[in-house]
Amino acid sequence: MTDIYLDNNATTRVDPAVVDVMIPYFLEQYGNPSSIHKFADGVARGLKHARQQVQALIGCEHDSEIIFTSCGTESNSTAILSAIKAQPNKKEIITTTVEHPAILSLCDYLEKEGYTIHRMPVDKAGRLNLNAYKSLLSDQVAIASVMWANNETGTIFPVAEMAAMANAAGVMFHTDAVQAVGKIPMLLQDTKIDMLSLSGHKLHAPKGIGVLYLRRGTRYRPLLRGGHQERGRRAGTENSASIVGLGKACELALEYIEYENTKVKAMRDRLERGITEQIPHCFVTGDLNNRLPNTTDIAFEYIEGESILMLLNKAGIAASSGSACTSGSLEPSHVMRAMDIPYTAAHGTIRFSFSRYNSMAEVDKVLKVMPGIVATLRKLSPYWDGNGPVVDPEKAFAPAYA
Amino acid sequence: MWDYSDKVKEHFFNPKNAGAVVDANATGEVGSISCGDALRLTLKVDDDSEIILEAGFQTFGCGSAIASSSVLTEIIKGMTLDEALKVTNQDIADQLEGLPPEKMHCSVMGREALQAAIANYRGEEWKDDHEEGALICKCFAIDAVMIEEMVWANKLRTVEDVTNFTKAGGGCAACHEDIEAILEKVLTEKGEKFDPNAAPIEQPAKVTAIKTPLTNLQRIKKIEQVLESLRPSLMADGGDVELVEVIGNTAYVNMTGACNGCQMAAMTIAGIQQRLMEVMGEFIKVVPATEMSKLVSIEAVS
Ligand SMILES: Cc1ncc(COP(=O)(O)O)c(C=O)c1O
Ligand code: FES
């Protein structure tokens, strides 16, 4: 059996149909879309078509609300920096403690520049408190930026409701929907969301292409100034092949959105149930009733995530972990910390994220090897004794910390 | 994922001496705050000879933490306690054929567990003597605590100062923003202001570039001076440098102690070379003395 890829929240395989539509833009229609000759003839049309395909997936009113960027990170930076440049008198930003670093690092940086950042906490299930959110909204706030779905746990935030609340308070609203687009249905025209980021490589388009959705009428300042591309809102010669590829990927995502929420979800559920039934002392993190259909994040107590990944990798299974060691950072994932997951569990979290390319047979293979992997590592753990954790683990093993 | 050596993988997939030693008479328990890893080392020590008869580990941690623990138990079995105390974290890393800079702390944890276990056997109290912070400079594996301490102790004011004293920032330069943040923090605490354009602090060997060409004797003296000024930061890592010969513009040096053969040796040599050129205002090439024999033998045949 070939290797099993369950790391689709990190990035995805490019759909072969996407590759097919891209090739001509490298070899034949490679002209600059601004040029007037036959090498560029079809490019502008290709870009327009792609814009409409993206529009259809996210359900926005106009295709001119789609700005192509180089990635999700650029879309996020553009959105936040635009909001503060356009409203220089507003010095506060609202966000959450569990955002992607693409938002959090930027906010840390802006904090040093004198902005006040409100990072909303989450509860143990990763949920926000909307009353607290409401009390933060004021005319001092330049923008509220809240992710649609969390990349680690898949937890979905009520962004439509939060956008409406922001709108009522006169506050601009942005959502990092990089993990949500293509996995759950959305209809932006019925919401008050002003800006939204998405990234191609999370939905079977290539890496290095993204979109910033910008609601018509939202005050805006470009990040990259230069040529007239994207109506001057994002200068730089268009990445035509990737844009056309992203268009196709969006079309396919729309076609498969029901499959994602039935078949893909069934695979996820089976894996999750199988693991939690077979393996003692593990639990699923996040808001179980409000999650992406493709994601499960499971904390295995008393062992560490990177070692689990290495053994999974040896068995031909790819997943990822929120442990500190896999990222080279100091702490276990900020998302686990924000949910107050105890530290002996936070280091042992494994995220399995599915796509339409996975199968039930793969789920069964993972279920076969997982108990052995966990048992092997627990045998090495100072917190484990024979068949269960040592009595009162935190006391029985209390190392001197350096 | 990390680029682990085959040795790390070997010890991770087939760890040696896993589990607690049954009738152990020495136990060391340490953890590394920097990544949440923790290790319990148990030893059975022969009371008469103080030879370590058996060693076992239990580790909560990543691949390299488990591999470091495993290789540590292999290294120390059969050693006397005094011999074991001489094992450095670099020895552990070397046995593993190197660790990524982000993972060097796993080998440090191994050495500390060993010290703690020996202290436990001898009825002493083990005190950890070093604190670990966020990894700032990946090129030279230097953490925030080390940089902060150096900034305090030596009144450093600029990124260049920090590079001169700790090596941090002397490679790809990606960490300069973080080093500036540390400078800003410490200087504010001291009631000073961080000025990125401040002149580097005076260093003993810092001389203004010399216009007239140096005589060979002057050159050797200058090189000696510069090496002297770099010595404290090398010694902080358990290493040292020794000037062996100067031929024309080439300085042959011996790297000793932890610097010898360490992954950073090449980097360190490059750093020394850069520093020499800055101070002396002329091109200087720094070459390990081991290269000299090759040179001589080539000359001999030709
Ligand atoms: C929630 C979220 N936001 C932003 C990003 C960054 O997207 P990109 O890699 O396209 O910059 C990611 C992907 O890692 C993500 O999961
Ligand atoms: S990370 Fe510090 S010089 Fe490269």
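Everything quoted here is computed from the prediction, not taken from an experiment. (Residues numbered from 1 in each chain as written. Chains lettered and ligands numbered in written order. Predicted model: local features only at pLDDT ≥ 70, side-chain atom pairs only at ≥ 80, totals over all residues. Heavy atoms only, no water.)

### Comments concerning the overall build of chain B
Turning to step 1, where the next piece is worked out: The helix and strand inventory of chain B stands at eleven helices and eight strands.
Turning to step 2, where the next piece is worked out: Burial statistics for chain B: of 302 residues in total, 50% are counted as buried.
Turning to step 3, where the next piece is worked out: By sequence separation, contacts in chain B at least 24 residues apart represent 60% of the contacts at least 6 residues apart.
Turning to step 4, where the next piece is worked out: Roughly 14200 Å² of accessible area belongs to chain B as shown, and the carbon and sulfur atoms make up 52% of that amount. (Helix = DSSP H or I, 4+ residues; strand = E, 2+ residues; numbered from the N terminus. Buried < 20%, exposed > 50% of the residue type's maximum accessible area, 1.4 Å probe, protein only. Contact = heavy atoms within 4.5 Å. Areas by Shrake-Rupley, 256 points an atom, 1.4 Å probe, with all protein chains shown as cover.)

### A few points about helix α6 (residues 144-154) of chain B
Residue and element names in this part refer to chain B.
Turning to step 1, where the next piece is worked out: Within the span of α6, buried status applies to Ala 144, Val 145, Met 146, Ile 147, Met 150 and Val 151.
Turning to step 2, where the next piece is worked out: Those residues of α6 that are buried are in contact with β4 (135-137), β5 (142-143), α7 (159-166), α8 (176-189) and α9 (216-236).
Turning to step 3, where the next piece is worked out: Measuring from the side-chain oxygen of the N-cap residue of α6 to the backbone nitrogen of Val 145 gives 3.0 Å; that N-cap residue is Asp 143.
Turning to step 4, where the next piece is worked out: Lys 155 sits one or two residues past α6 and shows a positive phi near 55 degrees. (Polar contact = N/O pair within 3.5 Å; in protein donor to acceptor, adjacent residues only side chain to side chain.)

### Remarks on the pairing of strand β6 (residues 172-176) of chain A
All names here are of chain A.
Turning to step 1, where the next piece is worked out: Across the five residues of β6, five count as buried, placing the element largely inside the fold.
Turning to step 2, where the next piece is worked out: Alternating residues of β6 divide into Met 172, His 174 and Asp 176 and Phe 173 and Thr 175, and every residue in both groups is buried.
Turning to step 3, where the next piece is worked out: Taken together, the three bridges between strand β5 (residues 141-145) and β6 define a ladder with parallel strand orientation. By the bridge assignment, Ser 145 is partnered in β6 with His 174.
Turning to step 4, where the next piece is worked out: Following the backbone out of β5, through helix α6 (residues 159-168) and into the adjacent parallel β6, one traces a crossover that is right-handed.
Turning to step 5, where the next piece is worked out: Of the strand pairs in this sheet, β6 and strand β7 (residues 195-199) are connected by three bridges, and their pairing is parallel. Pairing of Thr 175 across the sheet is with Leu 196, part of β7. (Pairing = 2+ DSSP bridges. Right-handed = clockwise from strand over helix to strand, strands pointing away.)

### Comments concerning the environment of Asp190(A)
All names here are of chain A.
Turning to step 1, where the next piece is worked out: Within the secondary structure, Asp 190 sits in the loop between β6 and β7.
Turning to step 2, where the next piece is worked out: With relative accessibility at 60%, the residue Asp 190 sits in the exposed group.
Turning to step 3, where the next piece is worked out: In sequence terms Asp 190 and Ala 160 are 30 residues apart; their C-alpha atoms lie 8.7 Å from each other.

### Remarks on the pattern of salt bridges
Turning to step 1, where the next piece is worked out: Summed over the entire model, instances satisfying the criterion amount to 23 salt bridges over all chains.
Turning to step 2, where the next piece is worked out: Notably, a salt bridge pairs Lys265(A) with Asp269(A), separated by 3.1 Å at the nearest N-O pair. Residue Lys265(A) and its partner Asp269(A) are both found in helix α8 (residues 257-278); the two are separated by four residues, about one turn of the helix.
Turning to step 3, where the next piece is worked out: For Asp269(A), a relative accessible area of 18% corresponds to the buried category.
Turning to step 4, where the next piece is worked out: Put simply, Lys77(B) and Glu74(B) hold a salt bridge, and the shortest N to O gap is 3.9 Å.
Turning to step 5, where the next piece is worked out: What emerges from the salt-bridge pattern is a single network uniting Asp108(A), Glu111(A) and Arg119(A). (Salt bridge = Lys/Arg side-chain N within 4 Å of Asp/Glu carboxyl O.)

### Quick word on α9(B)
All names here are of chain B.
Turning to step 1, where the next piece is worked out: Taking 1.5 Å as the rise per residue, α9 with 21 residues should run 30 Å; its terminal C-alpha atoms sit 31 Å apart, in good agreement.
Turning to step 2, where the next piece is worked out: Roughly 40 degrees is the biggest bend found in α9, and it falls at Leu 230, with proline Pro 232 one to four residues downstream.
Turning to step 3, where the next piece is worked out: Burial in α9 covers these residues: Arg 219, Lys 222, Ile 223, Val 226, Leu 227, Ser 229, Leu 230, Arg 231, Ser 233 and Leu 234.
Turning to step 4, where the next piece is worked out: In the stretch just after α9, Gly 238 is the one whose phi turns positive, near 80 degrees. (Expected span 1.5 Å × (residues − 1). Bend = angle between axes of the 7 residues up to and from the residue.)

### Notes on the sheet that holds strand β12 (residues 320-321) of chain A
All names here are of chain A.
Turning to step 1, where the next piece is worked out: Spatially, β9-β10-β13-β12 is the arrangement adopted by the four strands of the open sheet, whose pairing is antiparallel. Each edge of the open sheet carries a strand with a single partner, namely β9 (282-284) and β12.
Turning to step 2, where the next piece is worked out: In this fold α8 packs onto β9, β10 (295-300) and β13 (349-353), with an angle of close to 10 degrees to the strand it touches most, β10.
Turning to step 3, where the next piece is worked out: Where helix α9 (residues 305-314) meets the sheet, it contacts β10, β12 and β13, and its direction lies at approximately 45 degrees from that of β13. (Axes fitted to C-alpha atoms, helices over the stretch in contact; angles between N-to-C directions.)

### Brief notes about the sheet that holds strand β4 (residues 116-120) of chain A
All names here are of chain A.
Turning to step 1, where the next piece is worked out: Read from one edge to the other, the open sheet built from seven strands follows the order β2-β8-β7-β6-β5-β3-β4, with strand pairing classed as mixed. In the strand order of this sheet, the two ends are held by β2 (66-69) and β4, each with one partner. Direction aside, neighbouring strands of the sheet carry axes that sit 20 degrees apart on average.
Turning to step 2, where the next piece is worked out: Pairing of strand β3 (residues 92-96) with β4, which is carried by five bridges, proceeds in the parallel orientation. By the bridge assignment for β4, Ile 93 is matched with Ile 117.
Turning to step 3, where the next piece is worked out: Across the sheet, helix α3 (residues 72-86) lies against β2, β3, β5, β6, β7 and β8 (210-214), angled at about 165 degrees from β7, the strand it touches most.
Turning to step 4, where the next piece is worked out: The strands touched by helix α4 (residues 101-112) within the sheet are β3, β4, β5 and β6, with β4 carrying the most contacts at an inclination of about 145 degrees.

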